[in-house]
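This is what each chain is made of:
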Amino acid sequence: MKSTAIHAGLAIAMLAAPSFAFAQDAGDKPEVTVGAQAGYHDLGIADEVFDLTGIEVDDGSALFGGFVAVDFPVSDTLFAGVEGNANLGTDALDADYGASARLGIRTENGTKFYVRGGYQWVDIDYANILDVPEAAVPAGLDSTFGDYLVGVGIDLPFGGAVLRGNVDTIAFDTVRATAGVGFRF
């Protein structure tokens, strides 16, 4: 797991480094956004579990957490950045967390449209998915998995705050939608 995290971090840094260097050469300062978010993550495994076992499962979970994004202007409208997030789940997920690189455009009013790619880890709560006691889950069963994340998002300026929305997928197997509010520094 540590090896995967290190590789994901290095890949994100390599993708973002040229933009960061250009922004620093141009004398532009990074824009930092810190905020809270909530959403829903659908693991997309309910049909497969039912086909294999005949058992209906609830494989979705509400999420509540936070994010930090740092964006560097590349030109008047283009920006590149990095983002980290961490969330707690309520049902099928105990938590998810990850990091991604962002690339997007900024309009004259400050709205940002972006795509992002990175790595996300998900900690599954098998007992809640299967609706069984925790003791019924086999000991040693790995409940955390990770894979690449891709998604799209929007940050809308709203007074001194930022309203945001994101739709992501992990390895094109899951769907995660989040909305949040943040403050720019």
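Residues numbered from 1 in each chain as written. Predicted model: local features only at pLDDT ≥ 70, side-chain atom pairs only at ≥ 80, totals over all residues. Heavy atoms only, no water.

**Student:** How do you make sense of a nonpolar patch on the surface when you look at a structure like this?
**Tutor:** A cluster of nonpolar side chains, namely V34, V68, L156, F158, L163, V181, F183 and F185, defines an oily patch on the protein surface of about 740 Å² accessible area. Secondary structure elements with two or more residues in the nonpolar patch: strand 6 (144-158) and strand 8 (175-184). Examined against the element boundaries, V34 turns out to sit in strand 1 (residues 31-42). (Patch = residues over 30% accessible without salt bridge, like charges linked within 9 Å, V, L, I, M, F, W, Y side chains within 5 Å. Areas by Shrake-Rupley, 256 points an atom, 1.4 Å probe, with all protein chains shown as cover. Salt bridge = Lys/Arg side-chain N within 4 Å of Asp/Glu carboxyl O. Helix = DSSP H or I, 4+ residues; strand = E, 2+ residues; numbered from the N terminus.)

**Student:** In this structure, what is going on with unusual backbone geometry? I would like to understand it.
**Tutor:** With glycine set apart, most residues show a phi of negative sign, and most peptide bonds adopt trans. Despite not being glycine, A171 has its phi angle at roughly 55 degrees, a positive value. Here A171 shows up in the loop between strand 7 (161-170) and strand 8. A relative accessible area of 13% means that A171 is categorised as buried. Positioned with a positive phi, F172 is a non-glycine residue whose angle comes to about 55 degrees. Within the secondary structure layout, F172 lies in the loop between strand 7 and strand 8. The exposure class of F172 is exposed, given its relative accessible area of 61%. (Buried < 20%, exposed > 50% of the residue type's maximum accessible area, 1.4 Å probe, protein only.)

**Student:** Please explain the packing of aromatic side chains as it appears in this structure.
**Tutor:** Two descriptors summarise a pair of aromatic rings, namely the distance from one centre to the other and the angle between the planes of the rings. Under the criterion given, the structure shown has three aromatic pairs. Both rings, one in Y97 and one in W121, keep their centres 5.6 Å apart while their planes meet at 15 degrees; by these two values the pair is stacked. Pair noted here: Y97 is in strand 4 (residues 93-106) and W121 is in strand 5 (residues 112-124), with a separation of 24 residues, a long-range link. For W121, a relative accessible area of 10% corresponds to the buried category. One aromatic cluster is present, formed by Y97, Y119 and W121 through successive ring pairs. (Phe/Tyr/Trp six-rings, centres within 6.5 Å; stacked < 30°, edge-to-face > 60°.)

**Student:** Please clarify how a negative patch on the surface should be interpreted in this entry.
**Tutor:** On the surface, D47, E48, D51 and D173 cluster together into a patch of negative charge. Tracing the chain through its elements places D51 in helix 2 (residues 46-53). (Lys, Arg positive; Asp, Glu negative; His and termini not counted. Charge placed at Lys NZ, Arg CZ, Asp CG, Glu CD.)

**Student:** Mind showing me how you'd approach the pairing of strand 6 here?
**Tutor:** Moving residue by residue along a regular strand, the side chains alternate between the two faces of the sheet. In this sheet, strand 6 lies alongside strand 5 in antiparallel orientation, the contact comprising twelve bridges. Of the residues in strand 6, the one forming a bridge with Q120 is D147. Note that strand 6 and strand 7 share ten bridges and pair antiparallel. Its bridge partner being in strand 7, P157 is matched across the sheet by V162. If you look at the hairpin formed by strand 6 and strand 7, you'll find two residues sitting between the two strands, and G159 has a positive phi there, around 65 degrees. (Pairing = 2+ DSSP bridges.)

**Student:** Please clarify how the side chain of N85 should be interpreted in this entry.
**Tutor:** In this structure, N85 sits in strand 3 (residues 78-89). By relative accessible area, which is 8% here, N85 ends up buried. At a separation of 3.3 Å, a polar atom in the side chain of N85 contacts the side chain of N87. (Polar contact = N/O pair within 3.5 Å; in protein donor to acceptor, adjacent residues only side chain to side chain.)

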